[in-house]
Amino acid sequence: MQVESQPKLGSQEKRPVKTINKWKVMIENPKFFPFMLLVPVLIFFIVWNVVPLLWMVGLSFYKYSMITSDGISFTGLANYIDIFKNADIWSALSKTFLFVILGVGIQTVLGLSLGFLFWGSSRLPGRRLALTLLFSPMILTPVAAGTFFKLMYDPVFGIVNYYTQMWFGKTIDFLGDGNWAYPAVLLVDIWMWTPFMILMTLAALGSVPKAELEAAEVDRLPWTKRLWYVVLPHGKFILMLGILLRTIDSFKTMDLIYTMTSGGPGNKTELIAITLFRQAFNGFSMGSASALAIIALLIAIAFTSIYLYILTFKERKA
């Protein structure tokens, strides 16, 4: 009669306990724990950013149309060469640069002015309510704002033409007239995003130490010197960050203008993002659209590099 060997008690229970203890030690390790927190973010970033970017870069060297049966063929730099030869794309780029310069410039000036006004009136009655109402355009979606202003600009029943008829005796087709369409959509973008620059200005002013402001007041420095020597050194990073974010966002503006004019009349309001949309989803030319997207990405990176260079110029010079 054979006696079956009995498993040692606890032999199968020790392994899970060792594994749990091992993970517990790794989690409690201050050198390893931050990397564990970053792993989900890195996975998300790689899957949704790096992989599509690499796919787009590779596709930009191929001729690929989704509406023909020609298949995919390698063309090298042909897509990029065609883009640089295309006058319509250069026209869209020029309109985009003008849109960025005027839009971000006016938003910055208005944001700084109103930000200083609200910063200096902290005891003003109704200040919080006024700020809440002032920030409301920023939380609207561009499609909703575009639809709203498209109705306001309507030449038949729009409220804007009601006042133009009252004051000037005539109606203007703001979105159908080539001379008025571009300023009309630019004005909507300024209305939407000036509150963002006000918010960044208030954040920059809030970062200034009160002790330095009080010292400047005791020394009776003029407001220009207070601004240059006290406020600007502490708040310039936040202000430049706001300008950088608005520049990149303005450069890729598409949904607001597409809702209001679809790039028209003609191509008067067609920015580079709308041209890219037409190539990709109207013409289904994915190769050339990918090349144009890469060029737009490089321009955005150039904007970022310029702003960072300006921001760190004094530190590098010192």
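Just above, that's the structure.
One structure accompanies this document, and this report is about it. Treat the numbers as computed from the prediction; the structure is a model and nothing was measured.

**Observations regarding the packing of helix α4 (residues 87–119) against helix α8 (residues 181–206)**
- Orientation of α4 relative to α8, taken along the N-to-C sense of each, is 45°, at an axis distance of 6 Å. Between α4 and α8, the crossing angle belongs to the class labelled oblique. Viewed along their axes, α4 and α8 form a crossing whose handedness is right-handed.
- For the contact of α4 with α8, a count of residues per class yields 19 nonpolar, seven polar and two charged.

**Notes on the environment of Val156**
- You can see Val156 is positioned in the loop between α6 (142–152) and α7 (159–168).
- Judged by its relative accessible area of 73%, Val156 falls in the exposed class.
- Separated by 49 residues in the primary sequence, Val156 and Leu205 place their C-alpha atoms 45 Å from one another.

**Concerning helix α12 (residues 272–282)**
- Of the residues making up α12, those classed as buried are Ile272, Ala273, Ile274, Thr275, Gln279 and Ala280.
- As for α12, its buried residues are in contact with α4, α10 (223–251), α11 (255–260) and α13 (286–311).

**With respect to unusual backbone geometry**
- For the bond from Gly264 to Pro265, the omega torsion is -5°, close enough to zero to count as cis.
- In this fold, Pro265 is placed in the loop between α11 and α12.
- Positive phi, close to 55°, is recorded for Ser262, a residue that is not glycine.
- With respect to the secondary-structure elements, Ser262 resides in the loop between α11 and α12.
- Judged by relative accessible area, which is 33%, Ser262 ranks as partly exposed.
- Its identity is not glycine, yet Phe284 carries a phi of approximately 55°, on the positive side.

**Re the nonpolar core**
- In terms of nonpolar packing, the biggest core is built from 47 residues, with Tyr153, Phe251, Met260 and Ile272 touching the most fellow members.
- Element by element, the count of residues in this core is highest for α8, at 11 residues.

**Some thoughts on the layout of surface pockets**
- Looking at the largest pocket, its volume works out to about 420 Å³.
- For the largest pocket, the lining is made up of 14 residues, of which Trp119, Val208, Leu213, Arg226 and Val231 are closest to its centre.
- Looking at the lining of the largest pocket, the elements that each hand over two or more residues are α4, α8, α9 (210–218) and α10.
- A per-class count over the lining of the largest pocket returns nine nonpolar, one polar and four charged.

**What to know about the packing of aromatic side chains**
- All told, the structure shown has 19 aromatic pairs when counted by the stated rule.
- Centre to centre, the rings of Phe61 and Tyr80 are 5.7 Å apart; their planes meet at 50°, and the pair counts as tilted. Taken together, the positions of Phe61 in the loop between α2 (33–59) and β1 (62–63) and Tyr80 in helix α3 (residues 78–85) put the pair 19 residues apart, joining distant regions of the chain.
- When its relative accessible area of 13% is taken as the criterion, Tyr80 is described as buried.
- An angle of 70° between the planes, with centres 6.1 Å apart, marks the rings of Phe97 and Phe303 as edge-to-face. Taken together, the positions of Phe97 in helix α4 and Phe303 in helix α13 put the pair 206 residues apart, joining distant regions of the chain.

Cut-offs and rules
Along every chain, residues carry numbers that run from 1 in the direction the sequence is written. The model is predicted, so local features are restricted to residues of pLDDT at least 70 and side-chain atom pairs to those at 80 or more, both for listing and for counting; the totals for chains, interfaces and linings are taken over all residues. Side-chain measures here rest on the full set of heavy atoms in the structure, leaving out hydrogens and waters. The axes used here are C-alpha line fits, helices contributing only the stretch in contact, and every angle between their N-to-C directions lies in the interval 0 to 180 degrees. A helix here means a DSSP run of H or I that spans at least four residues, while a strand means a run of E at least two residues long, and both kinds are numbered starting from the N terminus. An angle below 35 degrees is read as roughly parallel, one above 145 as roughly antiparallel, one from 65 to 115 as roughly perpendicular, and any other as oblique. It is the rotation of the near helix from the far one that decides the hand of a crossing: anticlockwise by less than a right angle makes it left-handed, clockwise makes it right-handed. Residues are grouped as follows: Ala, Val, Leu, Ile, Met, Phe, Trp, Tyr, Cys and Pro are nonpolar; Asp, Glu, Lys and Arg are charged; every other residue, Gly included, is polar. Think of it in three bands: residues with accessible area under 20% of the maximum for their type are buried, residues over 50% are exposed, and the middle band is partly exposed, with areas taken using a 1.4 Å probe on protein chains only. Residues count as neighbours in contact if any of their non-hydrogen atoms are within 4.5 Å of one another. What we call a nonpolar core is a set of buried Ala, Val, Leu, Ile, Met, Phe, Trp, Tyr and Cys residues that are connected through their side-chain atoms within 4.5 Å. A 1.4 Å probe that fits but cannot get out identifies a cavity on a 1 Å grid over protein atoms alone, an open set with protein on both sides within 12 Å along at least five of seven lines counts as a pocket, and a residue lines either if it has an atom within 4 Å of a point. Grid points are joined across faces, edges and corners, and a volume is the space filled by probe spheres set on the points. Pairing of aromatic side chains here covers Phe, Tyr and the six-membered ring of Trp, requires ring centres within 6.5 Å, and sorts the geometry by plane angle: under 30 degrees stacked, over 60 edge-to-face, intermediate tilted.

Nothing here speaks to function; it is geometry throughout.
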